[in-house]
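# A closer look at the structure
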Amino acid sequence: REQGQGIVAQLEGIDNRDQAQALIGQRILIDEDDLPELPEGEYYWQQLIGLEASNLQGEPMGRIDSILETGANDVLVLNRQVESGVEEVLIPYVPQVVKKVDLVQGTMLVDWDLSYLA
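Residues numbered from 1 in each chain as written. Predicted model: local features only at pLDDT ≥ 70, side-chain atom pairs only at ≥ 80, totals over all residues. Heavy atoms only, no water.

## What about the environment of Thr70?
One can find Thr70 in the loop between β4 (60-68) and β5 (75-82). Owing to a relative accessible area of 37%, Thr70 belongs among the partly exposed residues under this scheme. Taking the C-alpha atoms as reference points, Thr70 and Tyr93, 23 residues apart in sequence, are found 10 Å from one another. (Helix = DSSP H or I, 4+ residues; strand = E, 2+ residues; numbered from the N terminus. Buried < 20%, exposed > 50% of the residue type's maximum accessible area, 1.4 Å probe, protein only.)

Spelled out as structure tokens, the structure:
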């Protein structure tokens, strides 16, 4: 469960405070199959990484590289191919912008105009 700026977890084999404190700052990894199923329209971040995003006009926006957690809302970080190489595109991950996620096709449809990138 979330608590303050961190999370509280019970791990097998970690039975006292000293053992737990030795793990502060470490990552907790779990098998994806052990994650609970999410309701329709909700996704784990790792499911979104690698999706190809395009806008409502059919223009490619880039591939989702990572997601930033901000105070207001999460932000998709896309890598977009341009003539000079790769540029980073930031798109808010909010229902007004993200219109469709298709994990099978590996795509995301966003209401975001290329002119916002200029």
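## Quick look at the nonpolar core
Counting 17 residues, the largest nonpolar core has Met61, Leu76, Leu78, Ile91, Met108 and Val110 as the members making the most contacts within it. Counting residues per element, the ones that place at least two in this core are β4, β5, β6 (85-92), β7 (98-102) and β8 (107-110). Among the elements that take part in this core, β4 stands out by supplying 3 residues, more than any other. Apart from the residues within four sequence positions on either side, Leu76 is in contact with Ile64, Ser66, Ile67, Val89, Leu90, Ile91, Tyr93, Val98 and Met108. (Core = buried A, V, L, I, M, F, W, Y, C linked by side-chain atoms within 4.5 Å. Contact = heavy atoms within 4.5 Å.)

## Side note on the side chain of Asn55
Assignment of secondary structure puts Asn55 in strand β3 (residues 52-55). Classification of Asn55 as buried rests on a relative accessible area of 1%. Polar contacts involving the side chain of Asn55 include one to the side chain of Glu59, which spans 2.7 Å. Ignoring anything within four residues of it in the chain, the contact list for Asn55 reads Met61, Leu109, Val110, Trp112, Asp113 and Leu114. (Polar contact = N/O pair within 3.5 Å; in protein donor to acceptor, adjacent residues only side chain to side chain.)

## With respect to the sheet that holds β3
Spatial strand order, β6-β5-β4-β3-β8-β7: 6 strands in an open sheet with mixed pairing. Either end of the sheet is taken by a strand with one partner, and the two such strands are β6 and β7. Strand-to-strand, the axes of this sheet are offset by a mean angle of 30 degrees, without reference to chain direction. As judged from the 8 bridges shared by β5 and β6, these two strands associate in the antiparallel manner. Bridge pairing in β6 links Val75 to Pro92. (Pairing = 2+ DSSP bridges. Axes fitted to C-alpha atoms, helices over the stretch in contact; angles between N-to-C directions.)

Without other data, these values stay purely geometric and don't point to any function.
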